[in-house]
Amino acid sequence: MSSKTPTPHPDAAPPGSAPPEPAHAAEGPPEPGTRPGLFRDASLSAVLAGFVAVVVSYSGPLVIVLAAASAGHLNTAQTSSWVWAISIGSGLTCIGLSLRTKMPVITAWSTPGAALLVTSLGAYSYAEAIGAFIVTGLVITLVGLTGVFGWLMRQVPTAVVSAMLAGILFSFGTGVFTSLKTAPLIAGSVLVAYLLAKRWLPRYAVLVALAAGVAASAVSSRLDIHLERIELAKPVLTTPEFSLASLIGIAVPMILATLASQNAPGMAVLTASGYEPKDRLLIGSTGLVSTALAPFGSHAINLAAITAAICTGPESHRDPKRRYVAGVSCGAFYLLIGAFGSTLVVLFAGLPKELVAAVAGVALLGALAGGLTGAVKEEKDREAALITFLATASGVTLFGIGSAFWGLLFGVIAHFVLTRWRGTPTEPAK
């Protein structure tokens, strides 16, 4: 590895000749070849990062799952089982993969996949949908274990990857300020508290911002939480049925959407944060878990992107070797909520959307800054990176596939045209 690598691999001790990057400076790194214990590496900031990631997941993407369940005419037991399956699957993969790789591996359920089901689930029986979910998991597992997906991702220039990350996070950054229009007290409290804490208590800036936002929400009577009872979820096992129609209508678009709109950005977030994700392990494992939980309603478990950026950035911990604790924390909260099915979801559904948007925005500022920095670092890649950023930030969806994939594709094409189609090397214009 070159001594110019900006961020060391989280499992390797930095070479003696390479000065550490200030933003990722290690706090008492372990001896080479050793792996520090989880409790020794634990920090409040990392645990909080995992909690914020879960809050964002249940306050937004889960609403799409519930809408899909309603569109598919699922009963209460089936819906609760679906929530249980995707929560348990996300929790197990977060904890297992984070501990195995010592990286903050954040997984979640496929949001574009759930959006697809809002319009298509009602056209098939629930058993046929379960069969399509199983096929989806098997195909994603195969794609991951063969290494094809990872090979494709490694061909993408670093600047394009960073620009895609910045584009994904752009709307969350602006969300802090657009929330000022509808809830100035809540969003303003979050922003002011974050800035003040960032100055004097930087490790706990997001925690202080969250506390201030909750207090402001309570003062303005915007907390709408009605928890009548708490009961454990009861998984419902459904015998799958396989039909050509459901495979074409559900499995094929689900596979494409999950790989392109979820796993590709998820890999990019880890790469842009300085890690070297093992694609076969990560994609293969999430695919296997998806397959195993599909009979209980899980449509797809995959790498997360937006919530991953909360846990992989400096807000989680300034030492990248200790950020894996955020992945373990995220998984633990997933398991806790999943154990109660949809019962505890009302806790997050009752939070004002402006509070969730503002807290997510300030938590992602560090990751957004890192993405922008990486995008413009190399002059020869800036135009391709800019195209990637604009396409991703636009939010355009084509053929059911989200803007992150199209930003990546357009950026790679631009990079190829601008750097590979030159007849002879030319000096840059002065």
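Everything in this summary refers to the structure shown in the same document. (Residues numbered from 1 in each chain as written. Predicted model: local features only at pLDDT ≥ 70, side-chain atom pairs only at ≥ 80, totals over all residues. Heavy atoms only, no water.)

**Quick notes on the overall build of the protein**
Reasoning step 1: The number of helices and strands found in the protein is 19 helices and two strands.
Reasoning step 2: Looking at the 430 residues of the protein, the share that counts as buried comes to 53%.
Reasoning step 3: Looking at the protein alone, contacts between residues at least 24 apart form 84% of all its contacts between residues at least 6 apart.
Reasoning step 4: Summed over its atoms, the accessible surface of the protein is roughly 19,000 Å², and 67% of this surface lies on carbon and sulfur atoms. (Helix = DSSP H or I, 4+ residues; strand = E, 2+ residues; numbered from the N terminus. Buried < 20%, exposed > 50% of the residue type's maximum accessible area, 1.4 Å probe, protein only. Contact = heavy atoms within 4.5 Å. Areas by Shrake-Rupley, 256 points an atom, 1.4 Å probe, with all protein chains shown as cover.)

**Things to note about empty space enclosed by the protein**
Reasoning step 1: Applying the stated rule across the entire model yields two cavities of 30 Å³ or more.
Reasoning step 2: As a volume, the largest cavity reaches approximately 80 Å³.
Reasoning step 3: Along its surface, the largest cavity is lined by Ser45, Leu48, Ala49, Val52, Pro202, Arg203, Tyr204, Ala205, Val206, Ile310, Glu315 and Ala363.
Reasoning step 4: At the level of secondary structure, the elements contributing two or more residues to the lining of the largest cavity comprise α2 (44-59) and α10 (205-219).
Reasoning step 5: Split into classes, the residues belonging to the lining of the largest cavity amount to nine nonpolar, one polar and two charged.
Reasoning step 6: Estimates place the volume of the second largest cavity at around 70 Å³.
Reasoning step 7: If you go around the second largest cavity, the residues you meet are Phe51, Val52, Val55, Val56, Leu210, Leu351, Leu355, Val356, Val359 and Ala360.
Reasoning step 8: Every element with two or more residues in the lining of the second largest cavity is listed here: α2 and α16 (353-363). (1 Å grid on protein atoms, 1.4 Å probe; cavity = no way out; pocket = protein on both sides within 12 Å on 5 of 7 lines; lining within 4 Å. Points joined across faces, edges and corners; volume = space filled by probe spheres on them. Nonpolar A, V, L, I, M, F, W, Y, C, P; charged D, E, K, R; others polar.)

**Brief notes about the pattern of salt bridges**
Reasoning step 1: The final tally for this structure, using the stated rule, is four salt bridges.
Reasoning step 2: With its nearest N and O atoms 3.8 Å apart, the salt bridge here joins arginine 322 to aspartate 41. Of this pair, arginine 322 sits in the loop between α13 (306-312) and α14 (324-338) while aspartate 41 sits in helix α1 (residues 38-41); the two residues are 281 residues apart in sequence, bridging distant segments of the chain.
Reasoning step 3: Aspartate 41 sits in the buried class, given a relative accessible area of 4%.
Reasoning step 4: The partner of glutamate 354 in a salt bridge is arginine 222, and the shortest N-O contact between them spans 2.8 Å. With glutamate 354 in helix α16 and arginine 222 in the loop between α10 and α11 (244-272), this residue pair connects regions lying 132 residues apart in the sequence. (Salt bridge = Lys/Arg side-chain N within 4 Å of Asp/Glu carboxyl O.)

**Notes on the packing of aromatic side chains**
Reasoning step 1: In total, this model carries nine aromatic pairs according to the counting rule given.
Reasoning step 2: Here the aromatic rings of tryptophan 84 and phenylalanine 296 are separated by 5.6 Å at their centres, their planes lie at 70°, and the arrangement is edge-to-face. In this pair, tryptophan 84 is assigned in helix α4 (residues 76-101) and phenylalanine 296 in the loop between α12 (279-293) and β2 (301-303), connecting sequence segments 212 residues apart.
Reasoning step 3: Taking the relative accessible area as the measure of exposure, tryptophan 84 reaches 16% and is therefore buried.
Reasoning step 4: Look at tryptophan 109 and tyrosine 334: their rings are 5.9 Å apart centre to centre, the planes differ by 65°, and that puts the pair in the edge-to-face class. Residue tryptophan 109 is located in strand β1 (residues 107-109), and its partner tyrosine 334 is located in helix α14; the two are separated by 225 residues in the primary sequence.
Reasoning step 5: The exposure class of tyrosine 334 is buried, given its relative accessible area of 0%.
Reasoning step 6: Through a chain of ring-to-ring contacts, three or more aromatic side chains come together here, namely Tyr58, Trp109 and Tyr334. (Phe/Tyr/Trp six-rings, centres within 6.5 Å; stacked < 30°, edge-to-face > 60°.)

**Some thoughts on the nonpolar core**
Reasoning step 1: By size, the foremost hydrophobic cluster in this structure holds 107 residues, and its most contacted members are Val52, Trp82, Leu117, Phe133, Leu169 and Tyr334.
Reasoning step 2: Contact partners of phenylalanine 133, with chain neighbours within four places excluded, come to Leu117, Ile250, Met254, Ala294, Gly297, Ser298 and His299. (Core = buried A, V, L, I, M, F, W, Y, C linked by side-chain atoms within 4.5 Å.)

**A word on the environment of glutamine 78**
Reasoning step 1: Summarising the element assignment, glutamine 78 is placed in helix α4.
Reasoning step 2: The spatial distance from the C-alpha of glutamine 78 to the C-alpha of valine 236 is 6.3 Å, given a sequence separation of 158 residues.

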